[in-house]
Amino acid sequence: MIAMAAVVIGVLAALAYAARRHWIDAVLALVAGVALAGTVGEFSLPGEAGATLMVDAADPPRTLAGVRTLRLAGDGLRAAEWDDLPARPLDWNKPDTPAIDLDFPRTIALGRVFTLRVHRSWSAPGRLQLLAENGQVLAEAKGDTDLAVQWLPPVAQRLVLKARLLDAAGKVVDEGPVPFTVTDPAPLQVRGRFGAPSFDLRALDDLLAASGAVIDWQVELGKGLERAETARAEMDKPELEIVDAAWFERAGAASRDALLARVAGGTRLLVLGANARDASTWARSVKLPLAPQPANKTIGTVLPMASAGLNPNGDRAGEWIGKDGLWTRDWEDGRIAWLGLGDWHRHAIAQPRQLALWWQDVLDRLRVQRRADVAWLDPEEMPLPQRRLAVCARGVSGTATIAELKQTLAWQRRPEHVDAACVAVWPAASGWLHLQTGANDGQVYVYAPGDWPLWQRSERRAATAQYAARTPAPVAPGTRPLPVWPFGVVFALAMLGLWWRERR
């Protein structure tokens, strides 16, 4: 449409000059109109546009000017390198050579079990070993597919363990460091209200006290008599509220509504259902359908426990989802769990560690966690020296100081992290990278280029597949855009000629 308007304007100008018998001016006006149409129009010529570039992973391209398509052999580039390039059609076939993915937490609290999982792209007998810094084997697992090892750290410290993947013959398939930080757990704030004393409550109280939790505990012993344990620190908004079914069933409507309102605001609620008696109360208040259970029914194999007298029939009960005697559901911004088990105190002496881990799993399924002002996000790919690394965190502002690089950078928002801010750094060497922002500090471990080759291979393949998925449709075959700059030159010369003739 714009090109047609330019031609029309040129023709009208030429006719105006021709009417005055200014034939040269008429020709210049017509040429200017055609040149302007060629400049603003989108015309094409037969033939293909641009070239095909063979991508070299060792020397990634800096620009794709004049490149129509990309061709790639091998595993591809890192995600940060693909992000620097505009979208182009990619000719690439994913290799079928072995690759692995590693999954492990970068930070855990003391008392939690550290788990390292290796996902293999092939199936064959193999072993996974977790080694201490002195080479001692801490844990080992065998299997034909995915492998996982577990280890309980004894103290809070920053660790760089080592892991290696072996084949059936004992040959090393892949190996590298496993860095993570063990932190002292922040005290969990717990409020408990109970309608009757029990040995189970005493065992639970002891477990929470041993973990350092701040406890506000009230147990009704009889009519007008109760035992209270006052919190040792101020407790404005506890992360976890625990009630037994007897207290909830006897509580007034105002107390129940206030409790559920706190849960809706983000608090977690754990209901101990062993002494439940009134199924209708739970159906009305939290939409939990309960039914009588057989006497002497037990749940669990490693730690068998007595089933509550009232429990949901099945793992799905409306909005509730259950497994191994624990049913959970979301409640606006909070979460509620129904624990339909009892007699766990029987395992407190014979199997104290297993009981503590079982309770940790219960709290994990309830998603109980201590609120933190700053949350550091795990890197999206393996940090390597001399490669751009995005470090992101929630709850940060201002600047971040990286001591090893002697840099202070401003936190910036990124589209892919709407609730976090990031800084981009280029680590100089492998090892720990420390960041300081305000009163909070974080650490990122930078791997050596030779660490975990099969893991690096898998990350490159995933990043390359993601780049290929965002490329546009290829340019129509047999055509290429008509160059614009010659028309611009002709238009400028024609207008200069008209201007010079008008000034004569």
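Anything mentioned here points back to the structure above.
Treat the numbers as computed from the prediction; the structure is a model and nothing was measured.

A.B. asks: Can you help me understand the pairing of strand 28 (residues 389-394) in this one?
C.D. replies: On a regular strand, one side chain projects to one face of the sheet and the next to the other, so that they alternate. Judged from the 2 bridges that link them, strand 27 (residues 375-376) and strand 28 form a sheet pairing that is antiparallel. In the sheet register, alanine 375 faces strand 28, and the bridge partner there is arginine 394. Two elements, strand 28 and strand 32 (residues 417-425), share 5 bridges in a ladder whose sense is antiparallel. Note on strand 32: the bridge partner recorded for cysteine 392 is cysteine 422.

A.B. asks: What is the right way to read the sheet that holds strand 24 (residues 326-331) from this model?
C.D. replies: Hydrogen bonds between backbone atoms are what pair the strands of a sheet, whose relative direction is either parallel or antiparallel. Across the sheet, 9 strands lie side by side as 15-14-13-16-17-25-24-23-22; this open sheet has mixed pairing. Across the chains shown, the open sheet's two edge strands, defined by having one partner strand only, are strand 15 (225-229) and strand 22 (316-317). Pairing between strand 22 and strand 23 (residues 320-323): 2 bridges, direction antiparallel. From the neighbouring strand, arginine 316 faces strand 23, where its bridge partner is isoleucine 321.

A.B. asks: Looking at this model, I keep getting lost on a nonpolar patch on the surface. Mind explaining?
C.D. replies: A cluster of nonpolar side chains, contributed by Met4, Val7, Val8, Val11, Leu12, Leu15, Leu30 and Val34, occupies part of the molecular surface with about 680 Å² of accessible area. For the nonpolar patch, the secondary-structure elements that each account for two or more residues are helix 1 (2-19) and helix 2 (23-40). Tallying contributions element by element places helix 1 first for the nonpolar patch, with 6 residues. Along the chain, the position of valine 11 falls in helix 1.

A.B. asks: Just checking my understanding: could you explain helix 4 (residues 199-210) for this structure?
C.D. replies: Helical geometry: 3.6 residues make up each α-helical turn, so side chains three or four residues apart lie on a common side. Taking 1.5 Å as the rise per residue, helix 4 with 12 residues should run 16 Å; its terminal C-alpha atoms sit 17 Å apart, in good agreement. Where helix 4 is concerned, the buried positions are Asp200, Leu201, Ala203, Leu204, Asp205 and Leu208. Two residues or fewer past helix 4, glycine 212 is found with a positive phi of approximately 90 degrees.

Definitions and limits used
Residues numbered from 1 in each chain as written. Predicted model: local features only at pLDDT ≥ 70, side-chain atom pairs only at ≥ 80, totals over all residues. Heavy atoms only, no water. Pairing = 2+ DSSP bridges. Helix = DSSP H or I, 4+ residues; strand = E, 2+ residues; numbered from the N terminus. Patch = residues over 30% accessible without salt bridge, like charges linked within 9 Å, V, L, I, M, F, W, Y side chains within 5 Å. Areas by Shrake-Rupley, 256 points an atom, 1.4 Å probe, with all protein chains shown as cover. Salt bridge = Lys/Arg side-chain N within 4 Å of Asp/Glu carboxyl O. Expected span 1.5 Å × (residues − 1). Buried < 20%, exposed > 50% of the residue type's maximum accessible area, 1.4 Å probe, protein only.

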